[in-house]
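# Observations on the three-dimensional arrangement
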Amino acid sequence: QVQLVESGGGLVQPGGSLTLSCTASGRFISISTMGWYRQAPGKQRELVAELTSSGSTNYVDSVKGRFTISRDNAKNTAYLQMNSLKPEDTAVYYCNAEFVLLWIGRQDYWGKGTQVTVSS
């Protein structure tokens, strides 16, 4: 089966930086879009950033200029570099990827999430 595992979350002071990683494993033909979502307490899950296999990116307005999404296709890993963090960035961050699976076709998977807390 396919699995996504996130890492890199933690506690950071306002203005600080963190880098999240998401590594895919399992049996798949390819990965198309990889993205990061977040969910703060009492709020809906929102898209933070996504990166297609062709290199196109999309960011939510609140993180533009501060966050950068990238991927290493050889390692099946996506990254989210987060700079100038603000308390409102506090949330559980989830990795999402669209896989191309044998016999099944395209299917979305989610990681279990990693907590990011921005506080002094």
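Our subject in this report is the structure included herewith. Since we're looking at a predicted model, the values are computed, not measured. (Residues numbered from 1 in each chain as written. Predicted model: local features only at pLDDT ≥ 70, side-chain atom pairs only at ≥ 80, totals over all residues. Heavy atoms only, no water.)

## Points about unusual backbone geometry
- Of note, the phi angle at Asn 76 is positive, near 50 degrees, even though the residue is not glycine.
- As for its placement among the helices and strands, Asn 76 is situated in the loop between strand E7 (67-72) and strand E8 (77-82).
- Judged by its relative accessible area of 25%, Asn 76 is partly exposed.
- For Trp 103, which is not glycine, the phi torsion reads 70 degrees and is therefore positive. (Helix = DSSP H or I, 4+ residues; strand = E, 2+ residues; numbered from the N terminus. Buried < 20%, exposed > 50% of the residue type's maximum accessible area, 1.4 Å probe, protein only.)

## Some points on the side chain of Asn 96
- Residue placement: Asn 96 occurs in strand E9 (residues 91-101).
- A distance of 3.3 Å separates a polar atom in the side chain of Asn 96 from the backbone oxygen of Tyr 109.
- Contacts of Asn 96, omitting those with residues within four sequence positions, involve Leu 4, Thr 33, Met 34, Gly 35, Tyr 37, Asp 108, Tyr 109 and Trp 110. (Polar contact = N/O pair within 3.5 Å; in protein donor to acceptor, adjacent residues only side chain to side chain. Contact = heavy atoms within 4.5 Å.)

## So, the sheet that holds E8
- Judged by pairing direction, the sheet is antiparallel, and its four strands sit side by side in the order E1-E3-E8-E7 without closing on themselves. Each edge of the open sheet is held by one strand with a lone partner, namely strand E1 (3-7) and E7. On average, each strand axis in the sheet is tilted by 15 degrees relative to the strand beside it, whichever way the strands run.
- Bridge analysis of E7 against E8 gives six bridges, and the strand direction is antiparallel. From the neighbouring strand, Ile 69 faces E8, where its bridge partner is Leu 80. (Pairing = 2+ DSSP bridges. Axes fitted to C-alpha atoms, helices over the stretch in contact; angles between N-to-C directions.)

## A few points about the pattern of salt bridges
- In the structure shown here, the tally under the stated rule is five salt bridges.
- Its salt-bridge partner being Lys 64, residue Asp 61 comes within 2.9 Å of it at the nearest N-O pair. Of the two residues examined, Asp 61 and Lys 64, each falls in the exposed class.
- One salt-bridge network, held together by shared partners, links Arg 38, Glu 46, Arg 66 and Asp 89. (Salt bridge = Lys/Arg side-chain N within 4 Å of Asp/Glu carboxyl O.)

## Quick look at the state of the cysteines
- Applying the stated criterion to the full structure yields one disulfide.
- The partner cysteine of Cys 22 in its disulfide is Cys 95, sulfur to sulfur 2.0 Å. Its torsion about the S-S bond being -80 degrees, the disulfide of Cys 22 and Cys 95 is classed as left-handed. On the criterion of sequence distance, the pair formed by Cys 22 in strand E3 (residues 18-25) and Cys 95 in strand E9 is long-range, its members being 73 residues apart.
- The class of Cys 22 is buried, set by a relative accessible area of 0%.
- Residue classification places Cys 95 among the buried residues on the basis of a relative accessible area of 0%. (Disulfide = S-S within 2.5 Å.)

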